[in-house]
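An overview of the molecular structure
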Amino acid sequence: MPRARLLIMSFSVLTGDPRVLRQIEMFKDDYELVTVGYGSAPAGVSEHVEVPGHLDSLRPSFRHLMVLYAARRYRRAYFGARRTRFVLDRVAPHSVDVIIANDVNAVPLALALRPRLGVHADLHEYAPRQREDERWWRMLVGPFQAWMVRRHVTLADSVTTVSPGLAAQYAAEYGVTARVVPNASPFRGDIEPSAVGSPVRLVHMGSAVRGRGIAEMVGAVIEAAAEAPGRLTLDLYLKGGDASYHRELGELVAAHPDAGVRICDPVPFAEIVPTLAGYDLGLIIYPPTNFNIVHALPNKLFEYVQARLGVIVGPGIDMREIVQEHGIGTAVEEATAERIRAALLALDPDQIAQWKAAADAHAQSLSAEVTSEPWREAISALVGSESSAASDPSERR
């Protein structure tokens, strides 16, 4: 019996998208995998439709696109986009059994391709409020994103998203029932908690994004180092983001050479968790600039767990809840230098050791293998549903 054809679609560079790569890894042995996205074919797929990098979402220009958004001509903006037309020309309707549409901007296209058994939408953000802190985006793009959810995501056969807060909002605002699949990391059974260092070794990995409050976090560490010399060090691994902000952070660190703060070269993806395992505490402290940040569960939280670190997070609701539930660290109530400095000065080696032990105890339950199970269940339900397979897709939507 031939295997079902599963198409995984994402308007990202698939080989650099950890969430999409997790989906491919999960399904490559059980389905005939087809992928659609930017960049070359990922390992493990049978077929790949590479969307050319120059075919972004602009049609035919940013200004024209904003005019269409302002006029609420959303269908024309979406289905007239060059990348949408490209995929429609290369993937025939009814040519696959199931589509996993990654993020809201892939869902209308997935539905238009009419897979034989259904569409699963995996929503990486709360799309209507993704960049609500930027006025132009809130006024023009936000309503377009809301249209995609209201008119298309609601027609998907099943939905997942990345955190409980986002799932609750999709249900409250649009009646969409979404199960939660966080951006977890694969289980690392080869790593054990290291002894707490002296000084305590802090680490932060991420992009040099100005809105994430990295400078405030670094400033708090510098202040704590001045008040309690020799107690703490901080290594920053910054990749991508804002080049000017990266330079500013470098200047801040260079101005305080005795504070024990370093900016390190980024490490390859496969080396992230082993590199982190040499530290004691991972920091993730984002100012609550928009809804998605408040409810974020970033990759690095789960990487810290697999590296068996304690964590200091905050003030986001979903991060705080998962940290407190599993006893793997502490949360600050505000992303201010004062609150961060106070949390750092209150650190106790015995408490840190307990957090690291808790991370070890929960590493498997917080791993990708366990937390990604809703994906497997959703796709199995579609493929295994005789009633779905027998129905006419045009009547189901």
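The structure under discussion appears in the preceding block.
Summary of the structure given here.

Rules used in this analysis
Residues numbered from 1 in each chain as written. Predicted model: local features only at pLDDT ≥ 70, side-chain atom pairs only at ≥ 80, totals over all residues. Heavy atoms only, no water. Helix = DSSP H or I, 4+ residues; strand = E, 2+ residues; numbered from the N terminus. Rg over C-alpha atoms; globule rule 2.2 N^0.38 Å. Buried < 20%, exposed > 50% of the residue type's maximum accessible area, 1.4 Å probe, protein only. Contact = heavy atoms within 4.5 Å. Areas by Shrake-Rupley, 256 points an atom, 1.4 Å probe, with all protein chains shown as cover. Lys, Arg positive; Asp, Glu negative; His and termini not counted. Charge placed at Lys NZ, Arg CZ, Asp CG, Glu CD. Phe/Tyr/Trp six-rings, centres within 6.5 Å; stacked < 30°, edge-to-face > 60°. Lys NZ or Arg CZ within 6 Å of the ring centre and 35° of its normal. Polar contact = N/O pair within 3.5 Å; in protein donor to acceptor, adjacent residues only side chain to side chain. Pairing = 2+ DSSP bridges. Right-handed = clockwise from strand over helix to strand, strands pointing away. Axes fitted to C-alpha atoms, helices over the stretch in contact; angles between N-to-C directions.

1. Describing the overall build of the protein chain
Scanning the protein chain for helices and strands turns up 19 helices and 13 strands. The globule rule puts the C-alpha radius of gyration for 397 residues at 21 Å, and the 22 Å found for the protein chain is close to it. For the C-alpha atoms alone, the extent of the protein chain along its principal axes is close to 70 × 50 × 40 Å. Relative to its 397 residues, the protein chain shows a buried fraction of 53%. Put simply, of all contacts in the protein chain between residues at least 6 apart along the chain, 69% involve residues at least 24 apart. Accessible area of the protein chain: about 17100 Å², with a carbon and sulfur share of 51%. Taking the 41 positively charged and 47 negatively charged side chains of the protein chain as two groups, their mean positions are separated by 9 Å.

2. Quick notes on the packing of aromatic side chains
With the rule as written, the count across this model stands at 11 aromatic pairs. The interplanar angle of 65 degrees and the centroid separation of 5.7 Å between the aromatic rings of Phe-27 and Tyr-31 together place this pair among those described as edge-to-face. A single burial state applies to Phe-27 and to Tyr-31, both of which are buried. Here Tyr-74 and Phe-144 contribute two aromatic rings whose centre-to-centre distance is 5.6 Å and whose plane-to-plane angle is 50 degrees, an arrangement assigned as tilted. With Tyr-74 in helix H3 (residues 74–79) and Phe-144 in helix H6 (residues 135–151), this residue pair connects regions lying 70 residues apart in the sequence. The exposure class of Phe-144 is buried, given its relative accessible area of 6%. Among the aromatic residues, those joined into a ring-pair cluster are Tyr-69, Tyr-74, Phe-144 and Trp-147. Over the aromatic face of Phe-11 sits the side chain of Arg-83, whose NZ or CZ is 4.0 Å from the ring centroid.

3. Some remarks on the side chain of Lys-356
Examined against the element boundaries, Lys-356 turns out to sit in helix H15 (residues 349–362). A polar atom in the side chain of Lys-356 sits 3.1 Å from the side chain of Asp-280. When residues no more than four places from it in sequence are discounted, the contact partners of Lys-356 are Pro-193, Ser-194, Ala-195, Val-196, Arg-201, Tyr-279, Asp-280, Arg-308, Leu-309 and Gly-310.

4. Quick notes on the pairing of strand S1 (residues 5–13)
Taken across its 9 residues, S1 has 8 buried, putting it largely inside the fold. In this sheet, strand S2 (residues 32–38) lies alongside S1 in parallel orientation, the contact comprising 6 bridges. What sits directly across from Leu-6, in S2, is Leu-33. The handedness of the S1 to S2 crossover, carried by helix H1 (residues 18–27), is right-handed. In this sheet, strand S4 (residues 98–102) lies alongside S1 in parallel orientation, the contact comprising 5 bridges. Each bridged residue has a counterpart across the sheet, and for Ser-10 the counterpart in S4 is Asn-102.

5. Observations regarding the sheet that holds S2
Overall, parallel pairing links the 7 strands, which are arranged S3-S2-S1-S4-S5-S6-S7 in an open sheet. Since the sheet does not close on itself, it has two edges, and those belong to strand S3 (47–51) and strand S7 (179–180), each with one partner. Sheet strands touched by H1: S1, S2, S4, strand S5 (118–123) and strand S6 (158–161). Its angle to S1, the strand with the most contacts, is close to 165 degrees. Lying over the sheet, helix H4 (residues 82–90) contacts S1, S2 and S3, oriented at roughly 150 degrees with respect to S3.

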